[in-house]
Amino acid sequence: MTDAPVPSARSRWSRLLDAADSPGAVGRDPAEQRRVRLVNQTSAVGIVTCASFVVGYAVVDLRAYWAGSLANALAVVTFSSAIALNARGWHRLARVT
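Along every chain, residues carry numbers that run from 1 in the direction the sequence is written. Totals for whole chains, interfaces and linings use every residue, but because this is a predicted model, local features are given only for residues with pLDDT of at least 70 and side-chain atom pairs only at 80 or more, for both listing and counting. Each side-chain value is derived from all of the structure's non-hydrogen atoms; neither hydrogens nor water enter the calculation.

Peer 1: I keep staring at the overall build of the protein and nothing clicks. Help me out?
Peer 2: Segments assigned H or I by DSSP are reported as helices when at least four residues long, segments assigned E as strands when at least two residues long, and all are numbered from the N terminus. Looking only at helices and strands, the protein features four helices and zero strands. The helix and strand sequence of the protein, counted from the amino end, reads α-α-α-α. Working definition: with a 1.4 Å probe on protein chains only, accessible area under 20% of the residue-type maximum means buried, over 50% means exposed, and in between means partly exposed. Relative to its full complement of 97 residues, the protein shows a buried share of 23%. Whether two residues touch is decided by their heavy atoms; if any such pair falls within 4.5 Å, the residues are in contact. Put simply, 55% of the contacts in the protein that link residues at least 6 apart link residues at least 24 apart. A total of about 6800 Å² of accessible surface is found on the protein, and carbon and sulfur atoms cover 64% of it. Here the accessible surface of atoms and residues is derived via Shrake-Rupley with a 1.4 Å probe, and residues count as covered only by protein chains that are part of the display.

Quick look at the structure:
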């Protein structure tokens, strides 16, 4: 067994933003690339934030925080759909979501 270095939280965050950065941005004019990357990066931040709240609510007491948990789960789906729409080339719809 090898002792592989454990990636830091900063490197994981950087890899997440890099992965969310590129879908749909390649081959566009610079202004559109900037808008697509901004939507993708904002969505990645929203996914991480809202998903952590869902997990937190589930750990504390899901029955007491079911409304907040449901709202955050819907937000995760919405943010994920924005990245998927950008990847498919539907940039205007991705900005609306």
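The discussion continues.
Peer 1: Even after reading the chapter, I still don't get the pattern of salt bridges, so can you show me in this structure?
Peer 2: Opposite charge on two side chains lets them pair, provided their charged atoms get close. Here, a salt bridge means any side-chain nitrogen of Lys or Arg that lies within 4 Å of a carboxyl oxygen of Asp or Glu. Scanning the model with the defined rule gives one salt bridge in all. Between Arg35 and Glu32 there is a salt bridge whose closest N-O contact spans 2.9 Å. Taken as a pair, Arg35 and Glu32 lie in helix 2 (residues 30–61) at a separation of three residues, close to a single helical turn. For Glu32, a relative accessible area of 12% translates into the label buried.

Peer 1: How do you make sense of the packing of aromatic side chains when you look at a structure like this?
Peer 2: Each aromatic ring pair is described using two quantities: the centre-to-centre distance and the angle formed by the ring planes. For Phe, Tyr and Trp, rings pair up if their centres lie within 6.5 Å, where Trp contributes its six-membered ring, and each pair is then called stacked (planes under 30 degrees apart), edge-to-face (over 60) or tilted (otherwise). Inspection of the entire model under this criterion finds two aromatic pairs. Residues Phe53 and Tyr57 carry aromatic rings whose centres are separated by 6.0 Å and whose planes lie at 45° to one another, so their mutual orientation is tilted. Taken together, the residues Phe53 and Tyr57, both in helix 2 and four residues apart, mark about one turn of the helix. Note on Tyr57 and Tyr65: the rings are 5.2 Å apart at their centroids and 20° apart in plane angle, and the pair reads as stacked.

Peer 1: What is the right way to look at the packing of helix 2 against helix 3 (residues 66–88) in this model?
Peer 2: Packed helices, taken two at a time, are described by their axes: the angle between them and the distance between them. Note on method: axes are straight lines fitted to C-alpha atoms, helices fitted across the in-contact stretch only, with angles between N-to-C directions ranging 0 to 180 degrees. Closest axis-to-axis distance for the helix 2/helix 3 pair is 8 Å, and the angle between their directions is 155°. Here helix 2 lies roughly antiparallel to helix 3, going by the angle between them. In the crossing of helix 2 with helix 3, the sense of the turn from one axis to the other is left-handed. Contacts between helix 2 and helix 3 involve Val36, Val39, Asn40, Ser43, Ala44, Gly46, Ile47, Cys50, Ala51, Phe53, Val54 and Tyr57 on the former and, on the latter, Gly68, Ser69, Asn72, Ala73, Ala75, Val76, Phe79, Ser80, Ala82, Ile83 and Asn86. In this count, Pro and Cys sit with the nonpolar residues alongside Ala, Val, Leu, Ile, Met, Phe, Trp and Tyr, while Asp, Glu, Lys and Arg are called charged and the others, Gly among them, polar. The residue makeup of the contact of helix 2 with helix 3, split by class, is 15 nonpolar, eight polar and no charged. Orientation is classified from the angle alone, with under 35 degrees giving roughly parallel, over 145 giving roughly antiparallel, 65 to 115 giving roughly perpendicular, and any other angle giving oblique. Throughout, a crossing is termed right-handed when the near helix is turned clockwise from the far one, and left-handed when it is turned anticlockwise from it by less than a right angle.

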